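# Architecture and fold: a report
Residue strings, one per chain:
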Amino acid sequence: MTKPIVITGVSLYGETTADLVIAQGEIASLSASDAPSGANKMDGSGLVALPGLVDPHTHLREPGREDAETIETGSRSAAAGGYVAVHAMANTTPVADTAGVVEQVWRRGREVGLVDVFPLGAVTVGLGGERLAELGAMAQSLAHVRMFSDDGMCVSDPSLMRRALEYVKTFDGIIAQHAQDPRLTEGSQMHEGVVSASLGLAGWPAVAEESIIARDILLAEHVDSRIHVLHLSTARSVDIVRWGKSRGVKVTAEATPHHILLTDESARGYDARFKVNPPLRPESDVEAVRAGLVDGTIDVIGTDHAPHPDEDKDGEWASSAFGMIGLETSLGVVQKTMVDTGRLTWRDVARLMSEAPARLCQFDGHGRPLAVGEPANVTLIDPKRPWIVDPRGTASRSHNSPFGGIEMPGTVVATILRGTMTHIHEALGGAGK
Amino acid sequence: MKHLLSTADLSRDEALLILDTAAEMAKTQEREVRKLPTLRGKTVVNLFFEDSTRTRISFEVAAKRLSADVINFSARGSSVSKGESLKDTALTLEAMGSDGIVIRHSASGAAERLATSGWIKGSVINAGDGTHQHPTQALLDAYTIRHHLSDRTEGDAFEGLTVAIVGDVLHSRVARSNVDLLTSLGASVVLVASPTLVPIGAETWPARVVHTIDEALDSFDIDALMMLRIQLERMSGGSVAFFPSPAEYSRLLGLDAARLARLPSHAIIMHPGPMNRGLEISAEAADSPQSVIVEQVSNGVAVRMAVLYLLLAGEVES
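Just so you know, these numbers come straight off a predicted model, no measurement behind them.

Looking only at helices and strands, chain A features eleven helices and 20 strands. Taken against the 2.2 N^0.38 rule, which gives 22 Å for 433 residues, the C-alpha radius of gyration of chain A at 21 Å falls within 12% of a compact globule. Overall, chain A is about 65 × 50 × 45 Å in size when its C-alpha atoms are taken along their principal axes. When each of the 433 residues of chain A is scored for burial, the buried share is 60%.

Before going further, it helps to spend a moment on the domain arrangement of chain B. All names here are of chain B. The domain boundaries assigned to chain B delineate domain 1 (7-134 + 299-312) and domain 2 (135-297). If you average the C-alpha positions of domain 1 and of domain 2, the two centres end up 25 Å apart. Taken together, the 24 residues of domain 1 in the interface contact 25 residues of domain 2. Of all the elements in the fold, those that place two or more residues in the side of domain 1 that touches domain 2 are α1 (12-28), β4 (123-129) and α12 (293-312). In terms of residues, the side of domain 1 that touches domain 2 owes the most to one element, α1, which gives six residues. The class makeup of the residues in the side of domain 1 that touches domain 2 is ten nonpolar, ten polar and four charged.

The next point concerns the nonpolar core. Residues and elements named next belong to chain B. Among the nonpolar cores identified, the biggest contains 230 residues, and Ile165, Leu225 and Leu308 are the most heavily contacted of them. Top element by residues in this core is α12. It accounts for eleven residues. Leaving out residues up to four positions away in the same chain, Leu225 has contacts with Ala164, Val166, Leu255, Leu263, Ala267, Ile269 and Met270.

Residues and elements named next belong to chain A. Pairing in this open sheet of five strands is parallel, and the strands run β9-β10-β13-β14-β15 from one edge to the other. What marks the edges here is a single partner per strand, and that holds for β9 (147-148) and β15 (300-301). As paired elements, β9 and strand β10 (residues 174-177) share two bridges and run parallel to each other. Each bridged residue has a counterpart across the sheet, and for Phe148 the counterpart in β10 is Ile175.

All names here are of chain B. Residue placement: Ala258 occurs in helix α10 (residues 257-262). Residue Ala258 is classed as exposed on the basis of its 11 C-beta neighbours within 10 Å. Taking C-alpha positions, Ala258 is 34 Å from Ala302, a pair spaced 44 residues apart along the chain.

All right, on to the pairing of strand β3 (residues 100-105) of chain B then. All names here are of chain B. Of all six residues in β3, six are buried, a share of seventy percent or more. What you see with β3 is no split at all: Gly100, Val102 and Arg104 on one side and Ile101, Ile103 and His105 on the other are buried throughout. With five bridges joining them, strand β1 (residues 43-48) and β3 adopt parallel strand pairing. From the neighbouring strand, Phe48 faces β3, where its bridge partner is Arg104. Where β3 lies against β4, five bridges are found, and the strand directions are parallel. Looking at β4, one finds that Ile101 is bridged to Val124.

All names here are of chain B. Listed in full, the buried residues belonging to helix α3 (residues 86-96) are Leu86, Thr89, Ala90 and Leu93. Projected down its long axis, α3 carries its buried residues within an arc of 100 degrees, all on one side. Directly beyond the C-terminal end of α3, a positive phi value near 90 degrees is found at Gly97.

Our next topic: the interface of chain B and chain A. Across the boundary between the two partners, chain B contributes 25 residues, which contact 19 residues of chain A. Residue assignment for the side of chain B that touches chain A shows that the elements contributing at least two residues are α3, α4 (110-116) and α6 (173-184) of chain B. Sorting elements by how many residues they give to the side of chain B that touches chain A places α4(B) first, with four residues. Here the residues of the side of chain B that touches chain A are counted per class, giving seven nonpolar, 13 polar and five charged.

Glancing now at the pairing of strand β6 (residues 188-192) of chain B. Residues and elements named next belong to chain B. In terms of burial, β6 is a largely internal element, four of the five residues being buried. Two elements, strand β5 (residues 162-166) and β6, share five bridges in a ladder whose sense is parallel. When the bridges of β6 are listed, Thr162 appears paired with Ser188. As for the winding sense of the linkage, the β-α-β connection from β5 through α6 to β6 is right-handed. Taken together, the three bridges between β6 and strand β7 (residues 208-210) define a ladder with parallel strand orientation. The partner of Val190 across the bridge, within β7, is Arg208.

This part takes up the sheet that holds strand β7 (residues 83-88) of chain A. Residues and elements named next belong to chain A. An order of β6-β7-β8 is seen for the three strands of this open sheet, with the pairing classed as parallel. For this open sheet the edge positions go to β6 (53-58) and β8 (116-119), each flanked by a neighbour on one side alone. In this sheet, neighbouring strand axes are inclined to one another by 20 degrees on average, regardless of whether the strands run parallel or antiparallel. Two strands pair when backbone bridges link them, and β6 and β7 are joined in this way by four bridges, in the parallel orientation. Among the inter-strand pairings, Asp55 is bridged to a residue of β7, identified as Val86. Strand contacts of helix α11 (residues 346-361): β6, β7 and β8, with the helix running at about 55 degrees to β6, the strand carrying the most contacts.

Here we come to the packing of helix α6 (residues 206-223) of chain A against helix α7 (residues 235-246) of chain A. All names here are of chain A. Contact pair α6 / α7: the axes reach a minimum separation of 9 Å and the direction vectors enclose 10 degrees. With respect to each other, α6 and α7 are oriented roughly parallel. Every residue of α7 that contacts α6 at Ala206, Glu209, Glu210, Ile213, Ala214 and Ile217 is listed here: Arg236, Ser237, Ile240, Val241 and Gly244. Its residues assigned to classes, the contact of α6 with α7 comprises six nonpolar, two polar and three charged.

Turning next to the domain arrangement of chain A. Residue and element names in this part refer to chain A. Assigned domains within chain A: domain 1 (5-48 + 373-428) and domain 2 (52-361). With centres defined by C-alpha atoms, the gap from domain 1 to domain 2 works out at 26 Å. Taken together, the contact pairs 29 residues of domain 1 with 41 residues of domain 2. Going through the elements one at a time, β16 (378-382), β19 (411-417) and β20 (420-424) are the ones with two or more residues in the side of domain 1 that touches domain 2.

Cis geometry is adopted by the peptide bond preceding Pro63(A), which originates at Glu62(A) and carries an omega value of 5 degrees. Topologically, Pro63(A) is positioned in the loop between β6 and α1 (71-80). In this structure, Pro274(B) follows Gly273(B) across a cis peptide bond, with omega equal to -10 degrees. Considering the arrangement of structural elements, one finds Pro274(B) in the loop between β9 (268-270) and α11 (283-286). At Asp224(A), a position not held by glycine, the phi torsion is positive, near 50 degrees. Take Asp224(A): it is sitting in the loop between α6 and β13 (226-229).

Here the focus is the environment of Gly25(A). Here Gly25(A) lies in the loop between β2 (16-23) and β3 (26-29). Ignoring anything within four residues of it in the chain, the contact list for Gly25(A) reads Pro375(A), Ala376(A), Arg418(A) and Gly419(A).

Here is what the cut-offs are and how they apply
For every chain, the first residue of the written sequence is number 1, and numbering continues from 1 along that sequence. Each chain is given a letter, starting from A, and each ligand a number, starting from 1, according to the order in which they appear as written. Per-residue local features of the predicted model are confined to residues with pLDDT of at least 70, and side-chain atom pairs are confined, for both listing and counting, to 80 or more; whole-chain, interface and lining totals are unaffected and use all residues. A run of H or I in DSSP counts as a helix once it spans at least four residues, and a run of E counts as a strand once it spans at least two, with each numbered from the N terminus. Taken over C-alpha atoms, the radius of gyration is set against a globule rule of 2.2 Å times the number of residues to the power 0.38. Here a residue counts as buried when 20 or more other C-beta atoms sit within 10 Å of its C-beta, as exposed when there are 12 or fewer, and as partly exposed otherwise, the C-beta atoms being derived from the backbone. Domain ranges listed in this record stem from an automatic or a database domain assignment. In this description, any two residues whose backbone-derived C-beta atoms lie within 7 Å of each other are considered to be in contact. Residues are grouped as follows: Ala, Val, Leu, Ile, Met, Phe, Trp, Tyr, Cys and Pro are nonpolar; Asp, Glu, Lys and Arg are charged; every other residue, Gly included, is polar. What makes a nonpolar core is a set of buried Ala, Val, Leu, Ile, Met, Phe, Trp, Tyr and Cys residues, with links drawn between C-beta atoms within 7 Å. By the convention used here, strands pair only if DSSP detects at least 2 bridges between them. In this context, the arc is that of the directions from the helix axis out to the C-beta atoms. A crossover gets the label right-handed when its path from the first strand over the helix to the second runs clockwise, viewed with the strands pointing away from the viewer. Note on definitions: angles span 0 to 180 degrees between N-to-C directions of axes, and those axes are lines fitted to C-alpha atoms, for helices only across the stretch in contact. In these notes the angle categories are as follows: under 35 degrees is roughly parallel, over 145 is roughly antiparallel, 65 to 115 is roughly perpendicular, and the rest is oblique.

In C-alpha cells, the structure reads:
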C-alpha cells in the first residue's frame, strides 16, 4: 500500500491555499491536521496543484516503432510532464484498428503503471481511408475505445467520413479528425507563405486544413454527431470552429503547445526538428490560436507528442519525418505563452489540460476536482522554478524537441496518479529528469 | 565568406567582389597557359546527389584551372531512397580530408544542412539545392549582364537595368537566386509567369510580377530577358498540372522571333540551359545575335574560379 502523502500549504488552482492529504488513492482531506501518522510530508508552499494533466493526443509508437518510443518510455515522459493519463494514437505498426491491438496497448499501459494509457482506435482499416475499421469491436473491448482517429492521415473521403460520424453514435463515440486535404498537400513540407517561397520548400496551404474542418462541421451537423478537430493551426480554422459552435454543432477542437509558441520562421535553417504536421504557421495564426484558447473556441490542449529517432530528423528537410516530442514541455509552454502573459489563469489551464480532455475522451476518474473524496490525481507545479530545455534530458526515447535552449518558467515538481507519486523532481528529493 | 549557400547571404560589396574577381579570372583564361597555382594542395569535392553534367564539369574545370585536386562524388540517391545519408556522406568526405565541397542536391536546404550541422570543417558551395538556390548560376548571369550592359547602368552596379525572368518561377532555384542577387545589385526584376507558377509569398519579393511575356514586353524596357527551362513533367505529371499544354506554355510565355523583334536592340537573351528549343525558346531566338547563352557557359567557369578562390585561398589581397 502506498504511504499517505501530505502536501502542506499548496495553492489549489493557483487560487486558495490548502493542504492536500492523500490516502488510499483519494484526496482524504484538505487539512493537514487530518493527516494519518506516518504520512510522507511535503512542503507545498509556492507550489500550484492542478488536477492531474490529461493528454488527449500522444504517439507512443508501440507496437512497431520501439526505436522511437515505447509505452514505458512514453509513460515516464508523460509523468515527468505532469500527465496522469494519455490518449495513444492509432498510427502504430500494426495500426490500432482491431480490438486486439487496442487491448494490447491498454494492457501494456497498465503493466507500466505510470500513467493511464487509453488507446484511440483507427477510423479506417490500416489508416487506408477506404473502409471503416471494426469500431464497435474496439468500443466493446477492454480498452473501451470511444474516440477514433486516423491521425497522421485525414479521413478525406466525405462519404466515408459521414458514415464514421454516424456509426460511432452507436456507442457515444467521437471522430477526431486530422484535417488535411491530401490533394492540396501532395509533397507539402511547411506552411505555404513567405517563408516557404523563400526557402523553396513545397507549401502546405492553410486552406487544406480549413476546408476539411468546414466540411466536417457541416457533416457533423447533418448527421447530428460529434466531431473533434485535432491540432488546429490557423486563424481561419479557429473562426470556422467558432462559427460551428455558434450554430450549435457538437464540435470540439484541440491546439498544441508548439502551435502557440513557434512560427514558420523556425524553418529557416532547414533544421527538421521544426518540421511538423500541421506545420508551424505565421505569427498571425499563432496569435489567433492563442485567442481561441482564451475565448473557449478551443477546448483542449494536446501535445501531439511525436517521437522520432535522430536519423529520421538530421537529414535534409524533405526526407525528414514530421513531428516533435512535447510531453515534458507542454505545461512550460502554456505557462510561458498564456499564464505568465495574463491571458489564462491556472484554473483555465486545469480546464484545458485536464478537465476538458478527460471529459472529451471519456476518461473516468480523470479531470476531477481537487476535492475531498475525489481520486488523487494531482500535478504539482513550481511556477517560479525556471529551466532550460535540453532535448537530450528527456525521459522519452527520442530527442526531437523543438524547444531546445528555450527557458521554461515553471517546473512540474510532482505527479500523483491515484495516490502514487509517478514523478518527483530532484528539488523535492526525486531522481529528477 | 566561408560558404556560398544563397545569394540572399551576399552583400552588394561581396557580390561585386566576386564579379570583379571573376573578371580577373577571365583575363587569365586568355593566356597560353591557363592554369593558375592558386589552390595547389587543396582538395575540392564535387558532391552531386542529382545529375548535372554541365554544372559538375564547370566546377571541375574551374577547380582544375586553379590547380586544386578534384574528386567527383556521385552519390546515388539520398536518404530519401534509403541510400547513404547526407550526414554519413559528409562525415566520410571530412574523414578523407576536403577543403571545399560543391554540393548539388534535389532537396532544398541540403547545402545549408551540410554547412551548418557540424559534420565538416571546410567550405560549402551550393551548386543547386532543390527549388531553393543556385547561387553560382545567378552570379554567372550577373557577370554576363554586366559584361554586356555595364555602359547602360546609372550606378556602379546594375542601377537602371531591368531584367525579366520568364517561366516556372515556383520551381526555379535560378529565379530565386537571381531575384536576390540582381536586386541587391540595384537592378529591377520582373517575373513573368502564369499565376500557377508564382509561389504564394512571392508578393513580398522585391520584384514585379506579370503573367504573359507580351505584357512584359509592353510594360517594361527590358535590358535582359532570362528564359527559364520548363520541366515537361510540370504539365502532365501525376498531380494536377501547372499548365494545360506545352503549346499553351509557348503561347503565353515562349520567346519566338516575333517577340524577339519587340525587344530593344541592345537587350540580351539568356537561358541557364539546357534549353527546350521550340518550347520556352525558339531556335531563332536562341541562335540570334542577341543571345548570350553560350557565353553564359564560359562565364560560368570564370565565376566558379572566383568563388573557389575567394572561399578557399584564404585572405584576399585587395
